[in-house]
Amino acid sequence: GAGVSQSPSNKVTEKGKDVELRCDPISGHTALYWYRQSLGQGLEFLIYFQGNSAPDKSGLPSDRFSAERTGGSVSTLTIQRTQQEDSAVYLCASSHRLSGGSRSYNEQFFGPGTRLTVL
Amino acid sequence: AQKVTQAQTEISVVEKEDVTLDCVYETRDTTYYLFWYKQPPSGELVFLIRRNSFDEQNEISGRYSWNFQKSTSSFNFTITASQVVDSAVYFCALSEWSDKVIFGPGTSLSVIP
């Protein structure tokens, strides 16, 4: 597809279980972001991948959260031992730098999100 | 540290009124980027505009206009002659040298017919 896709669109899990959320960015986009949006709230930055650089994990709320990006494309966000406060919509976005020399930046394209409900 | 403030949590206007959404940012960088995104009730975020810190020209796109003022660290967004379809949550965002994009808390706009 042409846009960012995420799967599953909805996930209901029991407290204590692990979940994996998947993001397929737009082909060729070098940057990939994960955000969390709780009901009625803004976007909370979680993690950012840019090319082959080490990811910026500064937004991950606890060590139960991890993410990887394989082959510079697909990314998986894993939440271990889920808690009820993890319930939220998890959004993925990708972007592509406009130029390789000087720092130049393009907008992010967002996926539809995965709605996670932890019972 | 970078920070984005959108002081207006919720705004309601009557259709055809003009409305301005405020955005104030904090950064130590001299090079940065500012963005506005729209999140309609369907949930998917839509990019509206990008502005770099060296370009202080205001921009107009149809009924939308943006006022960037470095002196006050503000990047305000005005919708002229609002329409019901403008009802959404609007997010202002900031990207510094690290490319990490930080979003403001959002302003929920309701346009009443």
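Residues numbered from 1 in each chain as written. Chains lettered and ligands numbered in written order. Predicted model: local features only at pLDDT ≥ 70, side-chain atom pairs only at ≥ 80, totals over all residues. Heavy atoms only, no water.

A. Quick look at the interface of chain A and chain B. Contact residues are listed per partner, giving 23 residues for chain A and 22 residues for chain B. Around 1,800 Å² of area is buried between chain A and chain B when both sides are counted, 53% of it from carbon and sulfur atoms. Seen at the junction of chain A and chain B, the total is zero salt bridges. On the surface where chain A and chain B come into contact, there are three residue pairs in polar contact (both at pLDDT 80 or more). (Contact = heavy atoms within 4.5 Å. Buried area = accessible area lost by both parts, 1.4 Å probe. Salt bridge = Lys/Arg side-chain N within 4 Å of Asp/Glu carboxyl O. Polar contact = N/O pair within 3.5 Å; in protein donor to acceptor, adjacent residues only side chain to side chain.)

B. Representation of the sheet that holds strand β3 (residues 19-24) of chain A. Residues and elements named next belong to chain A. In space, the four strands of this open sheet follow the order β1-β3-β7-β6, with antiparallel pairing throughout. A single partner strand is all that each edge strand has here, and the edge strands are β1 (5-7) and β6 (65-69). On average, each strand axis in the sheet is inclined to that of its neighbour by 15°, with strand direction left out of account. With five bridges connecting them, β3 and strand β7 (residues 75-79) associate as antiparallel partners. Across the sheet, the residue bridging to Val19 is Ile79, located in β7. (Pairing = 2+ DSSP bridges. Helix = DSSP H or I, 4+ residues; strand = E, 2+ residues; numbered from the N terminus. Axes fitted to C-alpha atoms, helices over the stretch in contact; angles between N-to-C directions.)

C. Spotlight on the side chain of Thr107(B). All names here are of chain B. Positionally, Thr107 belongs in strand β12 (residues 107-112). Reaching out from Thr107, the side chain makes a polar contact with the backbone oxygen of Gln8 at a distance of 2.6 Å. The residues touching Thr107, leaving out its near neighbours within four places in the chain, are Gln6, Gln8, Thr9, Ile11, Leu21, Ala88, Val89 and Tyr90.

D. How the structure looks around the state of the cysteines. Residues and elements named next belong to chain B. A complete count under the given rule lists two disulfides over all chains for this structure. Paired through a disulfide, Cys23 and Cys92 show a sulfur-sulfur distance of 1.9 Å. Looking along the S-S bond of the Cys23-Cys92 disulfide, the torsion reads about -65°, which is the left-handed sense. Taken together, the residues Cys23 in the loop between β3 (19-21) and β4 (24-26) and Cys92 in strand β10 (residues 88-95) connect sequence positions 69 residues apart. (Disulfide = S-S within 2.5 Å.)

E. Quick look at the packing of aromatic side chains. Scanning the entire structure with this criterion turns up 19 aromatic pairs over all chains. Centroid distance Tyr35(A) to Phe103(B): 5.2 Å. Interplanar angle 85°. Geometry classified as edge-to-face. Of the two residues, Tyr35(A) is situated in strand β4 (residues 31-37) and Phe103(B) in strand β11 (residues 101-103); the pairing between them involves two chains. For Tyr35(A), a relative accessible area of 0% gives the class buried. Ring centres 6.3 Å apart and planes at 80° place the aromatic pair Phe91(B) and Phe103(B) in the edge-to-face group. Here the residue Phe91(B) occupies a position in strand β10, and Phe103(B) occupies one in strand β11, the gap between them amounting to twelve residues. With a relative accessible area of 0%, Phe91(B) lands in the buried category. Three or more aromatic residues joined by ring pairs form one cluster here, namely Tyr33(A), Tyr35(A), Phe45(A), Tyr48(A), Phe110(A), Phe35(B), Tyr37(B), Phe47(B), Phe91(B) and Phe103(B). (Phe/Tyr/Trp six-rings, centres within 6.5 Å; stacked < 30°, edge-to-face > 60°. Buried < 20%, exposed > 50% of the residue type's maximum accessible area, 1.4 Å probe, protein only.)

F. Geometry of the side chain of Ser87(B). All names here are of chain B. Along the chain, the position of Ser87 falls in the loop between β9 (74-79) and β10. Only 2.9 Å separates the side chain of Ser87 from the backbone nitrogen of Val111, close enough to count as a polar contact. Apart from the residues lying within four places of it in its own chain, the contact partners of Ser87 are Pro40, Pro41, Leu109, Ser110 and Val111.

G. Region of the structure containing the nonpolar core. Grouped together as the largest cluster of nonpolar side chains are 24 residues, with contacts concentrated most on Trp36(B), Trp66(B), Phe77(B), Tyr90(B) and Leu109(B). Residue contributions to this core peak at four residues, all from β10(B). Leaving out residues up to four positions away in the same chain, Phe77(B) has contacts with Val19(B), Thr20(B), Leu21(B), Trp36(B), Leu48(B), Tyr64(B), Ser65(B), Trp66(B) and Tyr90(B). Ranked by size, the runner-up nonpolar core spans 20 residues in total, among them Val19(A), Leu32(A), Trp34(A) and Phe65(A). (Core = buried A, V, L, I, M, F, W, Y, C linked by side-chain atoms within 4.5 Å.)

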